[in-house]
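# Results of the structural survey
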Amino acid sequence: MNKTAQIKKNHQFIKFRKLVIVSILIGFLSAFLGISLKKITEYYEEIFFHEVSVNPIFYIIFPVFGLSVIYFLRQYLFKKKENKGIKEVFESTKSASKNLPSYKIPSHFINGLLTVIFGGSTGIEVSTVVATATIGSVAQQKENVFRQYKTELICAGVAAGVTALFSSPIAGILFALEVISRKVTRAFIISNVIAVSIAYGLLSILKEEPLFTVSITTWHLKAIPYFILLGILAGMNSVYLTKCVLFFKSQFGKIDTHYYKIILGSTVLSISLFVFPQLYGEGYHAIKGIFANSSEIPLTVTLAFTFIGILLLKPIVTSITLASGGDGGVFAPSLFIGAFLGLLLASILNTFFHVNVIPVNFMIIGMAAVLSASIHAPFTAIFLVCGLTNDYTLFLPILVVCLISKYTAKMIYPYTVYSYSPSLVK
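All figures in this text were calculated on a predicted structure; none of them were measured in a lab. (Residues numbered from 1 in each chain as written. Predicted model: local features only at pLDDT ≥ 70, side-chain atom pairs only at ≥ 80, totals over all residues. Heavy atoms only, no water.)

## Quick notes on the overall build of the protein
- Secondary structure assignment for the protein yields 16 helices and zero strands.
- In terms of overall dimensions, the protein is globule-like: its C-alpha atoms have a radius of gyration of 22 Å, near the 22 Å expected for 426 residues.
- In terms of principal-axis extent, the alpha carbons of the protein reach across some 80 × 55 × 50 Å.
- In the protein, which comprises 426 residues, the proportion classed as buried is 58%.
- Intrachain contacts of the protein at a sequence separation of at least 6 include 82% that bridge at least 24 residues. (Helix = DSSP H or I, 4+ residues; strand = E, 2+ residues; numbered from the N terminus. Rg over C-alpha atoms; globule rule 2.2 N^0.38 Å. Buried < 20%, exposed > 50% of the residue type's maximum accessible area, 1.4 Å probe, protein only. Contact = heavy atoms within 4.5 Å.)

The structure is reproduced here in structure tokens:
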């Protein structure tokens, strides 16, 4: 009996050691992919956005060119397969036989990059998530011992990728848990903690700075009723975003000729970008701009209508970008909408009601609130936004508002773009 127990113990130790090794490898590769995609996208998006600012003719050329290149790459390089976003990851984790093919790594990397740098009004986050999930999926296929850890290793890749993008290992693990796995196992804890530790270590070695440099000093109890209002508005805005994505994907799906989708999509995108350049790409350049000037922006009628126009148009152009063949998701659009919604609400409160709330606080809380409601993952949103700013001063109000926004959204519409399926509503 002792010998049998010892053999079993040795077998478990070998499995554990292999799980640790493969988690380290997944963490490094996923983090490297995430950091590379982020850096390359930032570099070229800045160059191309400068070009359209100088030569507005590029507002017309860039979207149609970018969507066309993506289409031809899919047709002739990536096996004529459409990218389904995070739904591909769900399909893989729910099926023992269905795996993410390795071509998904370059497909999402390249298509996500091209979408954003040529003006597509979305972000690289979902492209990164699917590509890094594929790293985990490919790894678990290499040895039979890993087959039982399929979901855990896919989540390890996702967690490391999200950590690399947002400098928050807790957000990485929580996203993998709240959105992908939805259950905790010992293998999940081991693989994900190791993967995000490797990713965060790589960020530290490379001295990656937080995406947004913001000075947060304090928050006041008197602002709580207005935070609650922000949470309700964020929930409503997230439902509008979700409905837009589902509606335009459904409508564009009825168009048989793909190039008609590209022409229609790029036309809407070009006009929108010309009117509101803030909608170009991820929109982080616009968020940084309003962060820098939030306390100095007087609310005029023109500015109020500009903000309202941006909030109404952003979900539409994001949806059309995705429906016409672009690669991406609702992460960056949610952060963008939340920042502008928070600033608009704070400006209205200060201008017309003289309550003297702090605009930058409303922007940060708004970012977390809209993201929480869009993906139904409040704890991911909390730590992700705190990681973006490297500041936890607003942790408590963000927690409250994220929960309010999520449940407001669920009361209005129970699905996200990830969880919706036509079969669920028949």
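Read on for the rest.
## Thoughts on the nonpolar core
- Of all hydrophobic cores here, the largest spans 132 residues; its most connected members are F175, L384 and Y418.
- When residues of this core are assigned to their parent elements, the largest contribution, 13 residues, is made by helix α13 (residues 331-352).
- Once you skip the residues sitting within four places of it in the chain, L384 turns out to touch V162, F166, S168, A171, F331, L335 and L371.
- If you look at the next biggest cluster of nonpolar residues, it comprises seven residues, including V239, A373, A409 and Y413. (Core = buried A, V, L, I, M, F, W, Y, C linked by side-chain atoms within 4.5 Å.)

## Points about the pattern of salt bridges
- Evaluation of the coordinates by the stated rule reveals five salt bridges.
- For the salt bridge of E208 with K38, the shortest nitrogen-to-oxygen distance reads 3.5 Å. With E208 in the loop between α8 (186-205) and α9 (224-252) and K38 in helix α1 (residues 2-54), this residue pair connects regions lying 170 residues apart in the sequence.
- A salt bridge links K104 to E88, with the shortest nitrogen-to-oxygen separation between them at 2.3 Å. Of this pair, K104 sits in helix α4 (residues 104-117) while E88 sits in helix α3 (residues 86-94), and the two are 16 residues apart along the sequence. Summarising the burial analysis for this pair, K104 and E88 share the class buried.
- Within this structure, K38, K39 and E208 form a network of salt bridges that share partners. (Salt bridge = Lys/Arg side-chain N within 4 Å of Asp/Glu carboxyl O.)

## Digging into the packing of aromatic side chains
- In total, this model carries 24 aromatic pairs according to the counting rule given.
- When the centroid spacing of 6.3 Å and the interplanar angle of 55° are considered together, the rings of F383 and Y392 count as tilted.
- In this structure an aromatic cluster arises from ring pairing among Y43, Y44, F48, F58, F62, F65 and F118.
- The positively charged end of K314 is found above the aromatic ring belonging to F336, 4.6 Å away from the centroid. (Phe/Tyr/Trp six-rings, centres within 6.5 Å; stacked < 30°, edge-to-face > 60°. Lys NZ or Arg CZ within 6 Å of the ring centre and 35° of its normal.)

## Let's talk about helix α14 (residues 359-375)
- Taking 1.5 Å per residue as the helical rise, α14 with its 17 residues ought to reach 24 Å, and the 25 Å between its terminal C-alpha atoms agrees with that figure.
- Just downstream of α14, H376 is the residue with a positive phi angle, here 55°. (Expected span 1.5 Å × (residues − 1).)

## Considering the side chain of T416
- Along the chain, T416 falls in the segment after α16 (395-412).
- A relative accessible area of 4% places T416 in the buried class.
- Looking at T416, its side chain comes within polar contact range of the main-chain nitrogen of Y418, at 3.1 Å. (Polar contact = N/O pair within 3.5 Å; in protein donor to acceptor, adjacent residues only side chain to side chain.)

## A closer look at the side chain of T318
- The topology assignment puts T318 in helix α12 (residues 301-323).
- Owing to a relative accessible area of 0%, T318 belongs among the buried residues under this scheme.
- Looking at T318, its side chain comes within polar contact range of the main-chain oxygen of S121, at 2.7 Å.
- Ignoring any residue separated from it by four or fewer positions in sequence, one finds T318 in contact with S121, G329 and P333.

## Examining the packing of α4 against helix α5 (residues 125-140)
- At their nearest, the axes of α4 and α5 sit 8 Å apart, and the two run at 165° to each other. When the interaxial angle is binned, α4 and α5 end up roughly antiparallel. Crossing of α4 over α5 shows left-handed handedness. Here α4 contributes K104, I105, H108 and G112 to the contact with α5, which in turn contributes S127, V130, A131, T134 and I135. (Axes fitted to C-alpha atoms, helices over the stretch in contact; angles between N-to-C directions. Parallel < 35°, antiparallel > 145°, perpendicular 65-115°, else oblique. Left-handed = near helix turned anticlockwise from the far one by under 90°.)

## As for α13
- Look at α13: 32 Å from first C-alpha to last across 22 residues, which is about the 32 Å you get at 1.5 Å a residue.
- Of all 22 residues in α13, 18 are buried; the element is thus mostly enclosed.
- H354 sits one or two positions beyond α13 and adopts a positive phi of about 50°.

## Considering unusual backbone geometry
- Although it is not a glycine, H354 sits at a positive phi angle of roughly 50°.
- Positionally, H354 belongs in the loop between α13 and α14.

## Examining a nonpolar patch on the surface
- Together, L221, I224, I228, I232, M236, M411 and I412 line one region of the surface with nonpolar side chains, adding up to about 690 Å² of accessible area.
- Among the secondary structure elements, those contributing two or more residues to the nonpolar patch are α9 and α16.
- In terms of residues, the nonpolar patch owes the most to one element, α9, which gives four residues.
- Within the fold, I412 resides in helix α16. (Patch = residues over 30% accessible without salt bridge, like charges linked within 9 Å, V, L, I, M, F, W, Y side chains within 5 Å. Areas by Shrake-Rupley, 256 points an atom, 1.4 Å probe, with all protein chains shown as cover.)

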